[in-house]
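Descriptive structure summary
Listed below are the residues making up each chain.
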Amino acid sequence: MLEAKLEELRRATLAAFTDAFSLEELEESRIEALGRKGTLAQITKDFGKLPPEERSRLGKLLNSVKQDLEGEYERKKLQFEQADLAERLSKEWIDVTLPAPNPRPGNLHPVTQLQGEIEDLFTSLGFAVLYGPEVETEEHNFDALNIPATHPARDMQDTFWLGDGLLLRTHTSPVQVRGMRELRPPLRMIAPGRVFRNEEVDASHEHTFYQVEGMMIDRDVSVANLIYFMKTLLSDIFKREVTVRLRPGYFPFVEPGFELDIRCLICNGDGCPVCKHSGWVELLPCGLVHPNVLRLSGIDPDEWGGFAFGLGLTRLAMMRYGIDDIRQLQGGDLRFLCQF
Ligand code: FA5
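The sections below set out a description of the structure shown in this document. Being a predicted model, the structure only gives us computed values, none of them experimental. (Residues numbered from 1 in each chain as written. Predicted model: local features only at pLDDT ≥ 70, side-chain atom pairs only at ≥ 80, totals over all residues. Heavy atoms only, no water.)

1. Here we look at unusual backbone geometry
As a reminder, the rule being used: Here a strand is any run of E in DSSP of at least two residues, a helix any run of H or I of at least four, and the numbering for each starts at the N terminus. Per-residue accessibility, obtained with a 1.4 Å probe over protein chains only, is compared with the maximum for each type, and a residue is labelled buried under 20%, exposed over 50%, and partly exposed between these values.
P185 connects to P186 through a cis peptide bond whose omega is 0°. Here the phi dihedral of N146 falls at roughly 70°; this positive angle occurs in a residue that is not glycine. Mapped onto the fold, N146 is located in the loop between α6 (138-141) and β3 (161-163). Its relative accessible area of 15% is what places N146 among the buried residues. At K276, a position not held by glycine, the phi torsion is positive, near 55°.

2. A few points about a nonpolar patch on the surface
The criterion, for reference: A patch is a set of surface residues, each over 30% in relative accessible area and not in a salt bridge, joined within 9 Å for like charges and within 5 Å for the nonpolar side chains Val, Leu, Ile, Met, Phe, Trp and Tyr. Reported accessibility uses the Shrake-Rupley method at a 1.4 Å probe radius. Residues are deemed covered only where the shown protein chains occlude them. By definition, a salt bridge exists where a carboxyl oxygen of Asp or Glu is found within 4 Å of a side-chain nitrogen of Lys or Arg.
Together, V135, L162 and L166 give the surface a local cluster of nonpolar side chains, amounting to about 230 Å² of exposed area. Assignment of secondary structure puts L166 in strand β4 (residues 166-168).

3. Some details on the packing of helix α2 (residues 23-34) against helix α4 (residues 52-92)
Keep this limit in mind: Each axis is a line fitted through C-alpha atoms, and for a helix only the stretch in contact is used; angles between axes span 0 to 180 degrees, taken between their N-to-C directions. Throughout, the term roughly parallel applies to angles under 35 degrees, roughly antiparallel to angles over 145, roughly perpendicular to angles from 65 to 115, and oblique to all others. When the near helix sits turned anticlockwise from the far one by under a right angle, the crossing is termed left-handed; a clockwise turn instead gives a right-handed crossing. Contacts between residues were defined by any pair of non-hydrogen atoms, one from each residue, lying within 4.5 Å. Residues were grouped as follows: Ala, Val, Leu, Ile, Met, Phe, Trp, Tyr, Cys and Pro as nonpolar; Asp, Glu, Lys and Arg as charged; and all remaining residues, including Gly, as polar.
Viewed as axis vectors pointing N to C, α2 and α4 meet at an angle of 165°, and their least axial separation amounts to 10 Å. In terms of orientation, α2 lies roughly antiparallel with respect to α4. By crossing handedness, the relation of α2 to α4 is classed as left-handed. Across the interface between the two elements, L23, L26, E27, R30 and L34 of α2 pack against K66, L69, E70, Y73, K76, K77, F80 and E81 of α4. When the residues that make up the contact of α2 with α4 are grouped by side-chain class, the tally is 6 nonpolar, no polar and 7 charged.

4. So, the packing of aromatic side chains
Heads up, the rule is: Two aromatic rings, drawn from Phe, Tyr or Trp (for Trp, its six-membered ring), form a pair once their centres lie within 6.5 Å of each other, and the interplanar angle then sorts them: stacked below 30 degrees, edge-to-face above 60, tilted otherwise.
Summed over the entire model, instances satisfying the criterion amount to 10 aromatic pairs. For the ring pair F17 and Y73, a centre distance of 6.0 Å and an interplane angle of 50° mean the geometry is tilted. Taken together, the residues span a long stretch of sequence, with F17 in helix α1 (residues 2-19) and Y73 in helix α4 at a distance of 56 residues. Among the aromatic residues, those joined into a ring-pair cluster are F122, F127, Y228, F229, F307 and F309.

And the structure:
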């Protein structure tokens, strides 16, 4: 009687396993047959009451049924899992070489773009590119540039002081000092970078802006060399004729000193807030390096001479792209910045 029940269980469960369409159906059949309250457990409930020889014979049969069913269950389960994995792999694969949908490539800030162009130009002319620190010593920013503490020229640039003789550099000229001391003459270098001044902000003045310093030291450097490099720079950047004027300018670290102004490209010289209605924009102060500056960095002015310039890079970007308010460049408005 029990024997027949066990054989029937084997037959019916194997058939149910074969017919199962999913892992869930397979699991249901397993629980029904082999679960704690399943058919096999019911059949074996009264096993203990059987005589010993009967118990041993049926015990063997029971084990063989159980083994058969468990083996078949594992085989079928593995089949479902493999089929499931194969289906997922065929559906979910990703072609990593495809471009992302709707790519939104970023772009470099207009000042960064211009800085890159200037670096490329001067590198091709044999200039090294140096980047000094934004936190500078008073010595590099002022003293070594022939501006001692008592010099009234210190007031030309409103300084953010940090204490302990440190400050946020007010111009890129301290990198001249670093360049002279590290490279030694003859040398050609530029130094692009961010500078800071504690001053009122308006359409053409920021408290944080960019400059590019330039310096060449050699034997027999004259104003003619300076003018050649300034002209090369401007024609390379604007790729068209721009009107410039050179006028005397005072900076303690150059002698003679000049201001190179550019005819305002926002208003074509008619007058606007950017050029303060003068028609001209101060862009490129420059001059021949003062002998004291050479001496303060251990260079003999009787043997060496040079020129230096300090280009207003942020203002150059305004002229190049026709930006009529300097504050837009650092405003962080992506609608504005995406145009470049
Ligand atoms: C200087 O900073 C000198 N270190 C430049 C120099 C270097 C002269 C080497 C001679 C030899 P100035 O303070 O004029 O100079 O600034 C240089 C340029 O930076 C200006 O012509 C202008 O284009 C730009 N600039 C100055 N102040 C601001 C500001 N607040 N916002 C934006 N650009 C400015």
